[in-house]
Amino acid sequence: ELEMPAFTATKVSQYSCQRKTTLNNYNKKFTDAFEVMAENYEFKESEIFCLEFLRAASLLKSLPFPVTRMKDIQGLPCMGDQVRDIIEEIIEEGESSRVREVLNDERYKAFKQFTSVFGVGVKTSEKWYRMGLRTVEEVKADKTLKLSKMQKAGFLYYEDLVSCVSKAEADAVSLIVKNAVCTFLPDALVTITGGFRRGKKIGHDIDFLITSPGPGEDDELLHKVIDLWKRQGLLLYCDIIESTFVKEQLPSRKVDAMDHFQKCFAILKLCQPRVDNSTCNTSKKLEMAEVKDWKAIRVDLVITPFEQYAYALLGWTGSRQFGRDLRRYASHERKMVLDNHALYDRRKRIFLKAGSEEEIFAHLGLDYVEPWERNA
Ligand code: ATP
Ligand code: MN
Ligand code: MN
């Protein structure tokens with residue numbers, strides 16, 4: 001007779017790479033609250049508290065049941081005092097007063113708005129906040145501000161970029177990317193990564209990994225693709241970053257480091273007639289007005305050498321928290337250093353080659369976790 005194995009809190013790992021986290025989150029009311037707290041600490045640049053809440057959120061996302069009593073979290077890792085206080089409040093009151101305070105906080109609200117603009121991070125938000133600015137509209141209206149090329153594009157396409165990318169849009173863009181890449185390199189491999197590879201139905205952008213099994217690397221491929229889109233009028237913005245990878249260099253030990261691949265942060269014009277509700281049932285005036293039949297979409301393209309493809313795929317599939325924990329696990333539990341390019345064994349002083357994600361998990365002595373179980 002089959003029996004459901006009992007849930008044992010003491011067996012839950014502190015590392016999300018040793019847990020399965022699907023999109024089926026039984027504890028959204030807690031994890032949403034933690035994510036607000038984490039974001040507020042990120043805005044204050046206190047990384048330790050930020051990570052504490054991100055780890056707690058990630059842990060509750062992996063639980064196979066909703067937490068309803070404090071007893072449910074007994075014995076679980078990542079449940080510090082701050083975290084427990086908020087869980088207790090939510091269990092008892094239905095919501096947390098601390099989280100409510102953050103959501104109503106002037107600084108949090110302003111930073112939340114500013115960082116929703118493509119190209120605007122915590123540093124820029126800090127500057128604008130100190131200048132007395134509070135909303136996106138106020139920043140837009142201030143003609144004395146010096147904006148970067150990226151931020152200008154961020155404001156220009158703001159409405160489109162804050163509205164999420166759907167799976168259907170991701171599939172449409174995927175075709176555009178594959179067509180363009182294959183024009184120049186027919187046997188290239190184009191893989192969708194990021195949230196969509198983890199099974200998410202919406203995203204803030206679409207991430208692609210491009211590699212070619214053939215001999216020799218083509219530094220020009222990305223430039224050719226971008227030029228083609230320019231000629232086709234599909235490119236609204238792009239920032240190409242050239243490769244800075246140095247062979248034999250040890251993997252980066254920084255937890256959130258950028259990798260060294262040649263890449264491009266772009267905004268593409270996705271042409272598809274949209275049904276716009278606001279223009280549906282109105283009159284002549286609107287009939288004559290030009291209806292915008294395209295949407296600006298954020299696209300990340302990353303070019304990787306074939307030998308590093310598995311590492312790049314693992315890194316770019318995320319989630320960000322899953323990636324952080326993989327690296328932390330590698331260094332703390334295995335004396336290895338992992339990044340988006342390689343895995344280095346510090347005891348044996350060798351680089352461990354891998355042709356698939358499965359091999360990387362095996363090198364680390366971890367059970368394989370499927371992409372859709374990496375939504376930590
Ligand atoms: P979303 O739906 O919000 O796009 P996502 O999981 O796809 O969710 P991204 O910000 O697109 O989030 O990042 C995807 C993955 O790629 C993450 O795991 C992240 O760690 C990694 N990543 C993102 N930007 C970089 C970068 N500049 N350098 C290296 N890795 C990155
Ligand atoms: Mn993404
Ligand atoms: Mn991205």
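Only a predicted model underlies this, so the values are computations on that prediction, with no experimental measurement involved.

## A few points about the pattern of salt bridges
Summed over all chains, the structure comprises 19 salt bridges. The residue glutamate 35 makes a salt bridge to lysine 61 at a minimum N-O spacing of 2.7 Å. A residue pair is termed long-range when its members are at least 10 positions apart, and glutamate 35 in helix H1 (residues 28-43) and lysine 61 in helix H2 (residues 47-61) qualify at 26 residues. Overall, lysine 61 belongs to the buried group, its relative accessible area being 18%. One salt-bridge network, in which partners are shared between bridges, spans Arg107, Glu126 and Arg130.

## Digging into the site of ligand 1
Gly195, Arg198, His204, Asp205 and Met258 are the nearest of the 17 residues found near ligand 1. Within the side chain of aspartate 205, one N or O atom sits 2.7 Å away from an oxygen atom of ligand 1. The backbone of glycine 315 places a nitrogen or oxygen atom 3.3 Å from an oxygen atom of ligand 1. Alone, ligand 1 offers 620 Å² of accessible surface; in the complex the protein occludes 82% of this. Grouping the amino acids of the shell around ligand 1 by side-chain chemistry returns three nonpolar, eight polar and six charged. Counting residues domain by domain, the shell around ligand 1 receives three or more from each of domain 3 (165-314) and domain 4 (317-373).

## Quick notes on the coordination of the manganese ion (ligand 3)
Coordination of the manganese ion (ligand 3) by the protein involves Asp205 (OD), Asp207 (OD) and Asp300 (OD), with metal-donor separations of 2.1 to 2.2 Å. Donor residues for the manganese ion (ligand 3) sit on one chain with the sequence pattern D-x1-D-x92-D. Taken as a pair, the manganese ion (ligand 3) and the manganese ion (ligand 2) lie 3.6 Å from each other and share aspartate 205 as a ligand. Here aspartate 205 falls in the buried class, since its relative accessible area comes to 7%.

## Here's the deal with the packing of aromatic side chains
Where two aromatic rings form a pair, the distance of their centres and the angle of their planes describe that pair. Counting across every chain of the model gives 15 aromatic pairs. Ring geometry for phenylalanine 322 and phenylalanine 361: centres 6.4 Å apart, planes at 50 degrees, overall tilted. Linking phenylalanine 322 in helix H16 (residues 320-334) with phenylalanine 361 in helix H17 (residues 357-363), this pair joins segments that are 39 residues apart in sequence. For phenylalanine 322, a relative accessible area of 1% translates into the label buried. Taking relative accessible area as the criterion, phenylalanine 361 reaches 1% and is therefore assigned buried. Over the face of the ring belonging to phenylalanine 111 we find arginine 107, whose NZ or CZ atom lies 4.1 Å from the ring centre. Of note, lysine 292 hangs over the ring of tryptophan 294, and the distance from its end group to the ring centre comes to 4.6 Å.

## Section: the sheet that holds strand E7 (residues 294-303)
Read across the sheet, five strands follow the order E2-E4-E7-E6-E5 without closing on themselves; strand pairing throughout is mixed. Edge positions in the sheet fall to strand E2 (189-192) and strand E5 (235-241), since each of these pairs with one other strand and no more. Ignoring which end each strand starts from, the neighbouring axes of this sheet average 25 degrees apart. For strand E6 (residues 262-271) and E7, the ladder comprises 10 bridges, and the chain directions are antiparallel. Across the sheet, residue cysteine 271 finds its bridge partner in E7, namely tryptophan 294. Where helix H8 (residues 149-156) meets the sheet, it contacts E5 and E6, and its direction lies at approximately 150 degrees from that of E5.

## Points about the sheet that holds strand E10 (residues 350-351)
Taken together, the three strands give an open sheet; going across it, the order is E8-E9-E10, and neighbouring strands pair in antiparallel fashion. Two strands close off the open sheet at either side, each with one partner strand: strand E8 (336-338) and E10. Pairing analysis gives two bridges linking strand E9 (residues 343-345) to E10, with the strands arranged antiparallel. Each residue of the ladder has a partner; that of tyrosine 344, found in E10, is phenylalanine 351.

## A short note on the nonpolar core
The biggest cluster of nonpolar side chains holds 43 residues, and the ones touching the most others in it are Phe34, Leu60, Met79 and Ile87. For this core, the elements supplying multiple residues, two or more each, are H1, H2, helix H3 (81-93), helix H4 (97-104), helix H5 (106-114), helix H6 (122-130) and helix H7 (136-141). In terms of residue count, the dominant contributor to this core is H1 (eight residues). A domain split of this core shows at least three residues from each of domain 1 (9-102) and domain 2 (107-156). Leaving out residues up to four positions away in the same chain, isoleucine 87 has contacts with Phe30, Phe34, Leu60, Val67, Met70, Ile73 and Met79. Counting 30 residues, the second-largest nonpolar core is a separate cluster that includes Val181, Ile210, Ile226 and Leu234.

## Side note on a positive patch on the surface
Where like charges cluster on the molecular surface, the positive patch consists of Arg253, Lys335, Arg346, Arg347 and Lys348. Along the chain, the position of lysine 335 falls in the loop between H16 and E8.

## Comments concerning the domain arrangement of the protein chain
Splitting the protein chain by domain gives domain 1 (9-102), domain 2 (107-156), domain 3 (165-314) and domain 4 (317-373). For domain 1 and domain 3, the distance between their C-alpha centres works out to 33 Å.

Cut-offs used in this document
- Going along each chain's sequence as written, the residues are numbered from 1 onward.
- Numbering of ligands from 1 and lettering of chains from A proceed in the order in which they are written.
- Local features in a predicted model are, by the rule used here, given only for residues with pLDDT of at least 70; side-chain atom pairs are given and counted only at 80 or more, and totals for whole chains, interfaces and linings are based on all residues.
- Only hydrogens and water are set aside when side-chain values are computed; all heavy atoms of the structure are taken into account.
- Within this document, salt bridges are pairs made up of a side-chain nitrogen of Lys or Arg and a carboxyl oxygen of Asp or Glu, the two lying within 4 Å of each other.
- Strands are runs of DSSP state E lasting at least 2 residues, helices are runs of H or I lasting at least 4, and numbering of each runs from the N terminus.
- For every residue, the accessible area obtained with a 1.4 Å probe (protein chains only) is divided by the maximum for its type, and the residue is called buried under 20%, exposed over 50%, and partly exposed between those limits.
- The nearness test applies per residue and asks whether one of its heavy atoms lies within 4 Å of the molecule or strand.
- For this analysis, a polar contact is any N or O atom pair within 3.5 Å, provided that within protein one partner can donate a hydrogen and the other can accept it, and provided that sequence-adjacent residues contribute only side-chain to side-chain pairs.
- Per-residue and other accessible areas follow the Shrake-Rupley method at a 1.4 Å probe size, with only the shown protein chains counted as cover for residues.
- Any residue outside Ala, Val, Leu, Ile, Met, Phe, Trp, Tyr, Cys, Pro, Asp, Glu, Lys and Arg is labelled polar, Gly included; the first ten of those are nonpolar and the last four are charged.
- Domain start and end points were adopted from an automatic or database domain assignment.
- Sodium, potassium and calcium take a 3.2 Å donor cutoff, other metals 2.8 Å, and in both cases only N, O and S atoms count; water is not among them, so sites may look incomplete.
- Aromatic pairs are defined between Phe, Tyr and Trp rings, using the six-membered ring for Trp, whenever the two ring centres lie within 6.5 Å; interplanar angles under 30 degrees are classed as stacked, those over 60 as edge-to-face, and all others as tilted.
- To sit over a ring, a charge needs its Lys NZ or Arg CZ within 6 Å of the ring centre and within 35 degrees of the ring normal.
- Here, any two strands with at least 2 DSSP bridges between them count as paired.
- An axis is simply a line fitted to the C-alpha atoms; with a helix, the fit covers only the stretch in contact. Between two such axes, the angle follows the N-to-C directions and lies from 0 to 180 degrees.
- A contact between two residues is defined here by any heavy atoms of the two lying within 4.5 Å.
- Nonpolar core, defined: a set of buried Ala, Val, Leu, Ile, Met, Phe, Trp, Tyr and Cys residues in which side-chain atoms within 4.5 Å join the residues together.
- Two distance rules govern patches: like charges are joined within 9 Å, and nonpolar side chains (Val, Leu, Ile, Met, Phe, Trp, Tyr) within 5 Å, applied only to residues with over 30% relative accessible area and no salt bridge.
- In this charge count, Lys and Arg are treated as positive and Asp and Glu as negative; neither His nor the chain ends contribute.
- Where a charge lies is defined by one atom per residue type, namely NZ (Lys), CZ (Arg), CG (Asp) and CD (Glu).

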